[in-house]
Amino acid sequence: MSHVCVPGGAGYVGAVLVPKLLARGHRVTVLDNYQFGREVFDNIRGAAGLREVEGDVRDRDAVARALEGCDAVIHLACVSNDPSYELDPELSKSINFDCFPMFLAESKRAGVKRFIYASSSSVYGVSEVPDVREDHPLLALTDYSKYKALCEPLVLAEQSADFTAMVLRPATVCGASPRMRFDLSVNIMTNLAIVNKKITVFGGKQHRPNMHIEDVTDLYEQLLLEPAARIAGKIYNAGFQNRTIADIAQIAHDVVCQELPELGPIEIVTTSSDDNRSYRVNSDKIAAELGYRPRHTIEDAVRDICAWHRAGRFPRSLDDPRYFNVRTLKEAALA
Ligand SMILES: NC(=O)c1ccc[n+]([C@@H]2O[C@H](COP(=O)([O-])OP(=O)(O)OC[C@H]3O[C@@H](n4cnc5c(N)ncnc54)[C@H](O)[C@@H]3O)[C@@H](O)[C@H]2O)c1
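Below is a short write-up of the structure. (Residues numbered from 1 in each chain as written. Predicted model: local features only at pLDDT ≥ 70, side-chain atom pairs only at ≥ 80, totals over all residues. Heavy atoms only, no water.)

### Here's the deal with the sheet that holds strand E7 (residues 172–174)
Ordered in space as E7-E9-E11, the three strands form an open sheet in which the pairing is mixed. Of all strands in the sheet, those bounded by a partner on one side alone are E7 and strand E11 (242–244). Each adjacent strand pair in this sheet contributes to an overall mean axis angle of 50 degrees, direction not counted. Of the pairings in the sheet, the one linking strand E9 (residues 207–212) to E11 comprises three bridges and is antiparallel in character. Residue pairing for E11: Pro209 is matched across the bridge by Asn242. Against the sheet, helix H8 (residues 213–225) touches E7 and E9, its axis set at about 65 degrees to E9. Docked against the sheet, helix H12 (residues 298–310) engages E7, E9 and E11, running at close to 65 degrees with respect to E9. (Pairing = 2+ DSSP bridges. Helix = DSSP H or I, 4+ residues; strand = E, 2+ residues; numbered from the N terminus. Axes fitted to C-alpha atoms, helices over the stretch in contact; angles between N-to-C directions. Contact = heavy atoms within 4.5 Å.)

Set out below in structure tokens:
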């Protein structure tokens, strides 16, 4: 079992990953500035094996404190979508890229043996290639994606016999999390179906790659356990269903109607769009080399969100800024 440092561990993915790692016997240190609230760990705060360091990934002292005694890192911290990044590009770059060499150096100094970097399948940009594999050119369209791509070689350059470095490029994640994001495609449409009883689709023919939050977090744990030689210096895509936006809207519609029949009819309104650009990721490499088998579908993600809604776990889900990264950051900037 590992002692894992998870920078960004209080975010959407981390809020599912951290309790999972603890439940499977790992020790976890979260380094986060808790931009989206500290309540995310209310249920596990004080649990044996969990250490929280409230701090900034740009602060060398906080980073060194967080890495103390850790043998692995799963690096999730960043300004994590395009609109949030663009609110303040200089600040975002300082978080997503400028401090990254320092983080790597501190990791090595602390004796970390394994470093897993959460990149993104958005590094490819849009592509009409039906199977975007790891050797597809990186044509990032935004600074968020560009700096994700530029961190990758920095990680891989550190690969050595006693420092296993690898990069994961996950598809867009979907499903319920204690730190919920309703600014990701499946989650957005499900939320609109439940709250507005109306899903608006622009165009709809664009393909998007998706991955369930339980699958991506299972995979991060698998990457901790894999023999070093199998993952050393590797880059892997990770996704599951590549579906059109229209398909995703239909799935959200059908599953919400089934799970929450008391809502009555739900409408899908399709408007035309001249932006029909697609991207799809192919995950054959990680399936062949590591036996990766996603087990959860988009339907499961919608079903889970319905159950959490029904249980009252997403109050004011269209209005509360904390569910939307860009709105939270805007509010913080104004505060
Ligand atoms: N969610 C997705 O669909 C998806 C898809 C592909 C890749 N990823 C990558 O996975 C990672 C996690 O994504 P997420 O959806 O959980 O994002 P998120 O925005 O919910 O979480 C990011 C976390 O980083 C923290 N953070 C931001 N700036 C910080 C700073 N300066 N110092 C310390 N902590 C800071 C935030 O407080 C937050 O808890 C990101 O690197 C993202 O790029 C996410």
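### Quick word on the pattern of salt bridges
The full count for this structure, using the stated rule, is 25 salt bridges. The residue Asp218 makes a salt bridge to Arg295 at a minimum N-O spacing of 3.1 Å. Of this pair, Asp218 sits in helix H8 while Arg295 sits in the loop between helix H11 (284–290) and H12, and the two are 77 residues apart along the sequence. Salt-bridge contacts for Asp320 lead to Arg322; the nearest nitrogen and oxygen are separated by 2.9 Å. The structure contains a network of salt bridges with shared partners spanning Lys20, Arg24, Glu214, Asp218, Glu221 and Arg295. (Salt bridge = Lys/Arg side-chain N within 4 Å of Asp/Glu carboxyl O.)

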